[in-house]
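Working through the structure, step by step
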Amino acid sequence: MKFKPFDLEYTQSTWEQEVDINLTESGVHPMRLEELLGDDPGKVAALMATEINYPHVNGIPQLRENIAALYDGASIDNVLVTVGAAEANHVIIQTLLEPGDELATQSPTYKQVWGLAQNMGCKVRPFRLVPEAGWQLDIDELNAQVNDRTRIIAICNPNNPTGHIMTAAEMDAVIAAADRVGAWILADEVYRGAERVQQEETPSFYGRYPKVLALGSMSKAYGLPGLRIGWLVGPHATVEDIWRRHEYTTITATMLSNILASHALSPEVRPRIIQRTRDYIRNGFPVLEEWMAKQDGLFSCTPPQASAVSFIRYQLDMNSTQLMEKLCREAGVFVGAGDSFGMDHHLRVAFGQDREVLEDAFARMEQTLESCL
Ligand SMILES: Cc1ncc(COP(=O)(O)O)c(C=O)c1O
């Protein structure tokens, strides 16, 4: 079987250090350590006194407690802390899938799970999110793609790249399809908390059906990607099985990251960070929208309900990877190619940055785009 690289991450490794402005990050502008700790000298002293040992392999108890509090009915035994949601996805797929199994997933989506399954010899069956329906899923296609071989239905909610938040009817349809064949639901919920159009947090799949593994991360809704802390929440016995794979892959995340993530998720600090993320998202999207409105119909999009990215369609006779590379080379601005998400003639543009950065990026892009018309 031929190994399939992870197209989006490969492209990011290739370009992100070569450009002036990187608009491929789906989270908001990262926090500085001093912003996270605030001006409490006690916190800094405690951090300085930390022994940089291995922490608990499944995550320090305080962190798991703070994570469990985000899910109705979860306790710390339901939580495994991983090195980013990336590791959580990896160990879940290793644990649950065997060659010959099938995985059903959204399209467009973040294609890590998709590639992991294919690299294990599993068939991936996509079902569409429909642009004309505001990126709601095609329930008939979901039902057609789920069969007796389906071991996992993988969902990203809120969705990357569209920013769509599933309606209750969509969630029910996914649960019904999983229940019909006894499949797992792998719910990647890393943008939960990063809502743009509502105050209410996106509901988790956890607790709505017994075979759910819900993922979270410090990278997106919390603006702390460099901590490399993610997690999964699921039934205790399955969490134990996945933990056995985690011991092979990374053993554990770092002690300092466990402590800092626990601080960030504490009830006293978390609301401040979520507000910061939402401020970036809510202030950034109008800058993109205003700019697109001035481009004579070149772009159209369904405004994202959550996340710091918008998946925009462009009216140019050019492939999205070629356009992305041209923008990197000529404008020094890096945006995601629709190809990386399984949908050409789109760009994924991140807007969780300060206005000046966005205005500079869009002015540069405009010059390059003029030469394509
Ligand atoms: C939907 C989704 N899941 C998982 C990840 C991996 O995130 P982490 O930084 O927590 O490993 C990403 C990163 O872009 C993502 O967009």
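Residues numbered from 1 in each chain as written. Predicted model: local features only at pLDDT ≥ 70, side-chain atom pairs only at ≥ 80, totals over all residues. Heavy atoms only, no water.

A tally of regular secondary structure across the chain gives 13 helices and 13 strands. Over its C-alpha trace the chain gives a radius of gyration of 20 Å, about what one expects of a compact globule, namely 21 Å for 373 residues. When its C-alpha atoms are laid out on the principal axes, the chain stretches across 55 × 55 × 40 Å. Within the span of the chain, comprising 373 residues, buried residues form 57% of the whole. (Helix = DSSP H or I, 4+ residues; strand = E, 2+ residues; numbered from the N terminus. Rg over C-alpha atoms; globule rule 2.2 N^0.38 Å. Buried < 20%, exposed > 50% of the residue type's maximum accessible area, 1.4 Å probe, protein only.)

Strands sit in the order β1-β12-β13-β11-β10 across an open sheet of 5 strands; the sheet is mixed. One side of each edge strand has no neighbouring strand; the edge strands of this open sheet are β1 (21-23) and β10 (299-300). Of the strands in this sheet, β1, β10, β12 (333-337) and β13 (346-350) are in contact with helix α13 (residues 355-370), which crosses β1 at around 90 degrees. (Pairing = 2+ DSSP bridges. Contact = heavy atoms within 4.5 Å. Axes fitted to C-alpha atoms, helices over the stretch in contact; angles between N-to-C directions.)

In this structure, His90 sits in helix α5 (residues 84-96). A C-alpha to C-alpha distance of 7.1 Å links His90 and Leu116, two positions 26 residues apart in sequence.

Each assigned domain of the chain is listed with its residue range as follows: domain 1 (7-32 + 271-370) and domain 2 (39-269). Taking only C-alpha atoms into account, the centre of domain 1 sits 24 Å from that of domain 2. Taken together, the contact pairs 32 residues of domain 1 with 37 residues of domain 2. For the pair domain 1 and domain 2, the two sides together bury roughly 2900 Å², of which 53% comes from carbon and sulfur. On inspection of domain 1 and its partner domain 2, the count reaches 1 salt bridge. (Domains from an automatic or database assignment. Buried area = accessible area lost by both parts, 1.4 Å probe. Salt bridge = Lys/Arg side-chain N within 4 Å of Asp/Glu carboxyl O.)

This part takes up the environment of Gly100. Here Gly100 is to be found in the loop between α5 and β3 (102-107). It is 5.3 Å that separates the C-alpha atoms of Gly100 and Cys122, two residues lying 22 residues apart in sequence. For Gly100, the contacting residues outside a window of four places in its chain are Gly121, Cys122 and Arg149.

Each aromatic ring pair is described using two quantities: the centre-to-centre distance and the angle formed by the ring planes. A complete count under the given rule lists 7 aromatic pairs for this structure. Aromatic pair Tyr71 and Tyr206: ring centres 6.0 Å apart, planes at 80 degrees, arrangement edge-to-face. Of this pair, Tyr71 sits in the loop between α4 (61-68) and β2 (79-82) while Tyr206 is found in the loop between β7 (184-188) and β8 (212-217), placing the two residues 135 residues apart along the sequence. Judged by its relative accessible area of 15%, Tyr206 falls in the buried class. Taken together, the ring pairs connect Trp135, Phe311 and Phe341 into an aromatic cluster. Over the ring of Trp114 we find Lys111, and its NZ or CZ is 4.1 Å from the ring centre. The ring centre of Tyr71 lies 5.0 Å from the NZ or CZ of Arg192, which sits over that ring. (Phe/Tyr/Trp six-rings, centres within 6.5 Å; stacked < 30°, edge-to-face > 60°. Lys NZ or Arg CZ within 6 Å of the ring centre and 35° of its normal.)

Turning our attention to the pairing of β12. When you tally the buried positions in β12, you get 5 out of 5 residues, the bulk of the element. Note: β1 against β12, 3 bridges, orientation parallel. For Leu23, the partnering residue across the bridge sits in β12 and is Val335. Bridge analysis of β12 against β13 gives 2 bridges, and the strand direction is antiparallel. The residue of β13 that forms the bridge with Gly336 is Arg348.

Moving on: unusual backbone geometry. A cis amide bond links Asn157 with the next residue in sequence, Pro158, at an omega value of -10 degrees. Summarising the element assignment, Pro158 is placed in the loop between β6 (150-156) and α8 (168-181). With an omega dihedral of 20 degrees, the bond running from Asn160 to Pro161 counts as a cis peptide bond. Note on placement: Pro161 falls in the loop between β6 and α8. Here the phi dihedral of Asp296 falls at roughly 50 degrees; this positive angle occurs in a residue that is not glycine. Along the chain, the position of Asp296 falls in the loop between α11 (270-293) and β10. Unusually for a residue other than glycine, Ser307 sits at a positive phi of about 80 degrees. Along the polypeptide, Ser307 turns up in the loop between β10 and β11 (309-314).

Opposite charge on two side chains allows them to pair when their charged atoms are near. One pass over the full model with this rule turns up 15 salt bridges. In this structure, Glu35 engages Arg276 in a salt bridge whose closest nitrogen and oxygen atoms are separated by 3.1 Å. Placement of Glu35 in helix α2 (residues 33-37) and of Arg276 in helix α11 is noted, with a sequence separation of 241 residues between them. Here Glu240 makes a salt bridge to Arg244, at a shortest N to O gap of 3.1 Å. With Glu240 and Arg244 both in helix α9 (residues 236-249) and 4 residues apart, the pair spans about one turn of that helix. Look at Glu240 and you get partly exposed, because its relative accessible area is 25%. For Arg244, a relative accessible area of 35% translates into the label partly exposed.

Bringing the sheet that holds strand β5 (residues 136-137) into the picture now. Strand order in the open sheet made by the 8 strands is β2-β9-β8-β7-β6-β3-β4-β5, with mixed pairing throughout. Looking at the sheet topology across the chains shown, the edges are occupied by β2 and β5. Direction of pairing for β6 relative to β7: parallel, over a ladder of 5 bridges. For Ile153, the partnering residue across the bridge sits in β7 and is Ile185. Against the sheet, α4 makes contact with β2 and β9 (230-233), and its axis sits at roughly 115 degrees relative to β2, the strand it touches most.

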